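# Analysis of the macromolecular model
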Amino acid sequence: NIDNAKFICADAPKGAEILKSEGIKPDVIILDPPRKGCAPSLFDTVCQMNPKRIVYVSCDSSTLARDLKYLTEHGAKVEFIQPFDMFPHTYHVEDVAVISV
């Protein structure tokens, strides 16, 4: 009896395209991609949805840097990045970036 949730079984670029085609206009979009980062087509769709912010959670700083470069080249602004050492005594670091679009 849950009527305020929707489940989409698709890769993120396709799922975002479905939401955009339905006229969804979120204030904030949270992205938590795998190590390989996000596809440029996902960013294109997300930016067309015109959110106020994107919160990007990353487990790979190098793909985060690559993806932030793509976003800033397309008009987004990185507000801040916060690293989190969630795995002490290892080299793994999680990063959370807040981006205004």
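What comes next is a walk through the structure. This one's a predicted model, so the numbers in the text were calculated from it and none came from an experiment.

### What to know about helix α2 (residues 40–48)
Note: α-helices contain 3.6 residues per turn, so residues at a spacing of three or four share the same orientation. Residues of α2 that are buried: Leu42, Phe43, Thr45 and Val46. Considered in projection along α2, the buried side chains sweep an arc of 165° and stay on one side of the axis. Taken together, the buried residues of α2 touch α1 (12–21), β1 (28–31), β2 (53–58) and α3 (61–73). One or two positions beyond α2, positive phi appears at Asn50, with a value near 60°.

### A short note on the packing of aromatic side chains
Evaluated as defined, the whole model comprises 2 aromatic pairs. Taken together, Phe43, Tyr56 and Tyr70 form an aromatic cluster joined through their ring pairs.

### Focus: the sheet that holds strand β3 (residues 77–84)
In spatial order, the strands read β1-β2-β4-β3; together these 4 strands make up an open sheet with mixed pairing. This sheet does not close on itself; its edge strands, each paired only once, are β1 and β3. In this sheet, neighbouring strand axes are inclined to one another by 15° on average, regardless of whether the strands run parallel or antiparallel.

### Comments concerning the pairing of strand β4 (residues 94–100)
The two faces of the sheet receive side chains in turn, since in a regular strand these alternate between them. With respect to burial, β4 is a largely interior element, 7 of its 7 residues being buried. By the alternation rule, side chains of β4 split into Glu94, Val96, Val98 and Ser100 and Asp95, Ala97 and Ile99, which are all buried. With 6 bridges connecting them, β2 and β4 associate as antiparallel partners. For Ile54, the partnering residue across the bridge sits in β4 and is Ile99. As judged from the 7 bridges shared by β3 and β4, these two strands associate in the antiparallel manner. The residue of β4 that forms the bridge with Pro83 is Asp95.

### Overview of a nonpolar patch on the surface
A surface patch of nonpolar side chains, about 310 Å² in accessible area, is lined by Phe84, Met86 and Phe87. Along the chain, Met86 falls in the loop between β3 and β4.

### Focus: the nonpolar core
If you look at the biggest cluster of nonpolar residues, it comprises 17 residues, and the most contacted ones within it are Leu31, Phe43, Tyr56 and Ile99. For this core, the secondary structure elements donating two or more residues are β1, α2, β2, α3 and β4. Among the elements that take part in this core, α3 stands out by supplying 4 residues, more than any other. Residue contacts for Ile99: discarding those within four places in its chain leaves Lys52, Arg53, Ile54, Tyr56, Leu68, Leu71, Ala76, Lys77, Val78 and Glu79.

### Let's talk about the pattern of salt bridges
If you walk through the whole model with that rule in mind, you get 4 salt bridges. Residue Arg66 is joined to Asp67 by a salt bridge in which the shortest nitrogen-to-oxygen separation is 2.9 Å. The closest approach of N and O atoms between Glu73 and Lys69, which form a salt bridge, is 2.8 Å. Here Glu73 pairs with Lys69, and both are found in helix α3, just 4 residues apart, close to one helical turn. Grouping residues by exposure puts Glu73 and Lys69 together as exposed.

Each value, and the rule that gives it
- Residues numbered from 1 in each chain as written.
- Predicted model: local features only at pLDDT ≥ 70, side-chain atom pairs only at ≥ 80, totals over all residues.
- Heavy atoms only, no water.
- Buried < 20%, exposed > 50% of the residue type's maximum accessible area, 1.4 Å probe, protein only.
- Helix = DSSP H or I, 4+ residues; strand = E, 2+ residues; numbered from the N terminus.
- Arc of directions from axis to C-beta.
- Contact = heavy atoms within 4.5 Å.
- Phe/Tyr/Trp six-rings, centres within 6.5 Å; stacked < 30°, edge-to-face > 60°.
- Pairing = 2+ DSSP bridges.
- Axes fitted to C-alpha atoms, helices over the stretch in contact; angles between N-to-C directions.
- Patch = residues over 30% accessible without salt bridge, like charges linked within 9 Å, V, L, I, M, F, W, Y side chains within 5 Å.
- Areas by Shrake-Rupley, 256 points an atom, 1.4 Å probe, with all protein chains shown as cover.
- Salt bridge = Lys/Arg side-chain N within 4 Å of Asp/Glu carboxyl O.
- Core = buried A, V, L, I, M, F, W, Y, C linked by side-chain atoms within 4.5 Å.

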